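Reading the structure
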Amino acid sequence: MKKMKKKVLGLLAFLLICISIYEGSVYTQAATLKLNHTSVVLFVGETAKLTLNKVASGQVRWSTNNSSIVSVSKKGKITALKRGKTTIVAKYKNKAYMCKVNVKSAKLSATKLTLRVGQGYALDIVNSKGKCTWNSMNTVIAEINSNGYIKGTIELNLLKEALEKNVITENS
C-alpha cells in the first residue's frame, strides 16, 4: 500500500510539473504577441508591412482610423495616401495592437529663385525617398537637368523686354 501511495504521489507531482510548464508556455506566448512596428514614418506613396509576431496574417483583422491618410490590406500592408497622422489597429482574439503612422509629403528645397544668365542652383526634394523627374515649364527662362540643377538662360531685363514686345508670352 505504501508503494502504491508513493507511485500515485510521484505521478501527481509529475503531472503538476507538466501542467505548470504547459501553462507557463501559454502565458509566455500570449505576453509576447506584438506588432513588428509600434510607429512608422512614411512618405506619400510608400508602403510598409505590419505583422503580429507568431500569428498568421489571415488570422488578424486590420483597420485604420483614417482611410484617407493610410490604407491597410487584409495582410497588413499599409500604403501612405496623403499627409497626416493616423493609427493602424490589428485585432486578434479580442485584443487590439496599435501602430501609429505619420505620413509626410515631399517639398521642394526652394520655390522662388533669382538667377542671372549662367548662374545655377541645385534644387532638391526634401522629405522624399522616391525618385524625381525634373523639367522646366519655360526653357527660354531657365533650364534644368536630370539632377535638379537649374540654370538661368535669359537676363531679367531681356525677359521683361521680350514680354513687352510679345516675343514670348508668360505661358510659353
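Residues numbered from 1 in each chain as written. Predicted model: local features only at pLDDT ≥ 70, side-chain atom pairs only at ≥ 80, totals over all residues. Heavy atoms only, no water.

Moving on: unusual backbone geometry. The backbone of Lys 54 sits at a positive phi, close to 65 degrees, despite the residue not being glycine. Lys 54 sits in the exposed class, given a relative accessible area of 58%. A positive phi angle is found at Lys 93, which is not glycine, with a value near 50 degrees. We classify Lys 93 as exposed; its relative accessible area is 66%. (Buried < 20%, exposed > 50% of the residue type's maximum accessible area, 1.4 Å probe, protein only.)

The subject of this paragraph is the sheet that holds strand 7 (residues 95-104). In spatial order, the strands read 1-7-6-3; together these four strands make up an open sheet with mixed pairing. Of all strands in the sheet, those bounded by a partner on one side alone are strand 1 (39-43) and strand 3 (61-64). Direction aside, neighbouring strands of the sheet carry axes that sit 25 degrees apart on average. Where strand 1 lies against strand 7, five bridges are found, and the strand directions are parallel. Of the residues in strand 7, the one forming a bridge with Phe 43 is Lys 104. (Pairing = 2+ DSSP bridges. Helix = DSSP H or I, 4+ residues; strand = E, 2+ residues; numbered from the N terminus. Axes fitted to C-alpha atoms, helices over the stretch in contact; angles between N-to-C directions.)

For the rest of this paragraph, the subject is the sheet that holds strand 5 (residues 77-80). Strands belonging to one sheet form pairs held by backbone hydrogen bonds; the direction of such a pair is parallel or antiparallel. The strand order across the open sheet built from three strands is 2-5-4, with neighbouring strands paired in antiparallel fashion. Sheet topology places strand 2 (47-49) and strand 4 (70-72) at the edges, where each strand pairs with a single neighbour. Taking the axes of each pair of neighbouring strands and ignoring which way they run, one obtains an average angle of 20 degrees across the sheet. One ladder, built from three bridges, connects strand 4 with strand 5; its direction is antiparallel. Note that in strand 5 the partner of Val 72 across the bridge is Ile 78.

Remember that the coordinates give geometry; whether it matters functionally is a separate question.
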